[in-house]
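# Close look at the chain arrangement
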Amino acid sequence: MMGKEAFTKLFPTPSSFLVFVLYMGMFVAQGMLVTASRNGSSSYSYNTVTVVLLTEILKLVFSSIVYFKDSSVRSLFEGVYKYRWILLLYLVPATLYCLYNNLSFLSLAYFDPTTYFMFMQIRLLLTGLIYQILFKKSLSSKQWLSLAILTIGCMVHAAGTSSDGAESEDGTNNFMQLMMGSVFVLVQVLCSVFAGVYNEYLIKGEGADIHIMIQNVFMYLDSILCNVILLGVKGDLASAFSSSSLESINKTLVIILIFNNAVLGIITSLFLKKLNSILKAFASALELVFTALLSVPLLGIPLTFHTVMALCLISVAVVMYAQNPVQNQRSNEKKEVLPSKV
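Criteria and thresholds
- Along each chain, residue indices are assigned from 1 in the same order as the chain's sequence is written.
- Where totals are concerned, whole chains, interfaces and linings use all residues; where local detail is concerned, this predicted model gives features only for residues with pLDDT of at least 70, and gives and counts side-chain atom pairs only at 80 or more.
- No hydrogens and no water enter the side-chain calculation; it runs on all heavy atoms of the structure.
- Put simply, buried Ala, Val, Leu, Ile, Met, Phe, Trp, Tyr and Cys residues joined by side-chain atoms within 4.5 Å make one nonpolar core.
- Per-residue accessibility, obtained with a 1.4 Å probe over protein chains only, is compared with the maximum for each type, and a residue is labelled buried under 20%, exposed over 50%, and partly exposed between these values.
- Whether two residues are in contact is decided by their heavy atoms: any pair within 4.5 Å suffices.
- Residues forming no salt bridge and having over 30% relative accessible area are the ones grouped into patches, like charges within 9 Å of each other and nonpolar side chains (Val, Leu, Ile, Met, Phe, Trp, Tyr) within 5 Å.
- Accessible areas in this description were obtained via Shrake-Rupley with a 1.4 Å probe; residue shielding takes into account the shown protein chains only.
- A side-chain nitrogen of Lys or Arg and a carboxyl oxygen of Asp or Glu constitute a salt bridge if their distance falls within 4 Å.
- By definition, any uninterrupted DSSP run of H or I lasting at least four residues is a helix, any uninterrupted run of E lasting at least two residues is a strand, and each is numbered from the N terminus.
- In this analysis an axis means a line fitted to C-alpha atoms, helices contributing only their contacting stretch, and an angle means the value between N-to-C directions, from 0 to 180 degrees.
- An angle counts as roughly parallel when it lies under 35 degrees, as roughly antiparallel when it exceeds 145, as roughly perpendicular when it falls between 65 and 115, and as oblique in every other case.
- With the far helix as reference, a near helix turned anticlockwise by less than a right angle produces a left-handed crossing, and one turned clockwise produces a right-handed crossing.
- Residues are sorted three ways: Asp, Glu, Lys and Arg are charged, Ala, Val, Leu, Ile, Met, Phe, Trp, Tyr, Cys and Pro are nonpolar, and all the rest, Gly among them, are polar.

### A word on the nonpolar core
Ranked by internal contacts, the top residues of the largest apolar core, which has 90 residues, are Phe 20, Tyr 46, Val 51, Phe 105, Phe 218, Phe 271 and Leu 279. Apart from residues lying up to four places away in sequence, Phe 20 is in contact with Phe 11, Phe 271, Leu 275, Leu 279, Ala 283 and Leu 286.

### Some details on a nonpolar patch on the surface
Together, Ile 122, Leu 126, Leu 129, Ile 133, Leu 186 and Leu 190 make up a nonpolar patch on the protein surface, roughly 510 Å² of accessible area in all. Elements that contribute at least two residues to the nonpolar patch include exactly α8 (123-135) and α10 (171-206). As for its placement among the helices and strands, Leu 129 is situated in helix α8.

### With respect to the packing of helix α2 (residues 14-36) against helix α6 (residues 91-110)
Interaxial distance between α2 and α6 falls to 10 Å at its minimum, and their mutual angle equals 55°. With respect to α6, the element α2 is oriented oblique. Crossing hand, α2 versus α6: right-handed. Of the residues in α6, those touching α2 at Phe 27, Gly 31, Val 34 and Thr 35 are Tyr 100, Phe 105 and Leu 108. By residue class, the composition of the contact of α2 with α6 is five nonpolar, two polar and no charged.

### Examining unusual backbone geometry
In this structure, Lys 136 takes a positive phi of about 50° despite not being glycine. Positionally, Lys 136 belongs in the loop between α8 and α9 (141-166). A relative accessible area of 75% means that Lys 136 is categorised as exposed.

### What about the pattern of salt bridges?
In the structure shown here, the tally under the stated rule is three salt bridges. Between Glu 78 and Arg 74 there is a salt bridge, with its nearest N and O atoms 3.0 Å apart. Linking Glu 78 with Arg 74, this pair stays in helix α4 (residues 73-82), spanning four residues, or about one helical turn. Here Glu 78 falls in the partly exposed class, since its relative accessible area comes to 37%. Judged by its relative accessible area of 53%, Arg 74 is exposed. Across the pair Lys 204 and Glu 200 runs a salt bridge, and its minimum N-O distance is 2.9 Å. Placement of the pair is Lys 204 and Glu 200 together in helix α10, with a separation of four residues, close to one helical turn. Classification of Lys 204 by relative accessible area gives buried; the value is 12%. For Glu 200, a relative accessible area of 0% puts it in the buried group.

Printed below as a string of structure tokens:
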């Protein structure tokens, strides 16, 4: 059991714990919604490019609405102009997240949600490394050990996935699919790790004096720009908003997926503001546990021996980390105050 002191170290305020729970729940929902939206097929019956772009637009709209609740439209534009240098810095995580979002559909076409999240956990060690570099804060041996155990848990499941493929009739084809999917996930991991830690660095460092929703506006303006450029290069910009593309996403599951991802983007920024990237990585591991358990009744994906072993390792690592968590970077309390209306 986690003691009160350890719990307080992990979650300094009730709101930080709420953000943690919401982040986990919505991330689990994301993987399962993407899988369910395929209706048992390995391909998507809707235009995934349209989904990604509409999601980013919706994130921008939601962030602006939240900001306008306590501030004026004029103050938003003044903030964007005043901190235009930070707007440029957000091009770095926006570009990486653009790649990440577009690759998630490809990755989930090769793996079920549990396997997908398992492979994604190799970002844990990389997160620790980049966190140390950007924040100049060394992790303890116990923290590194807990991260290592999480990574081993991923390797256990990956080994099980590989052996299962070798026993099938079309082993070569399954092996090639595993390799192709692994490449997509590896690129996703690299994009996710650096973008996430650098995003936290901007929130708590370069942009510490800026309202969190203005920073979200920076992120999503840059993200929309990156997606538009990517679509233009691919020649898919016009087709993304064609009548057939818009018609293809007019499905309940797809609409829920878009809204879930849009809200998840805002929750993620609050997570990085109130907590840190290391705890975010552990949240991803817990997402794995819940995804595996929920996939059994909802998607009919059985639990294998390797999955159970991996989940046990993850549980051990989470308990170990909870006893000695990374202390959250605390911002000046004045930076949390909403700007007054102009």
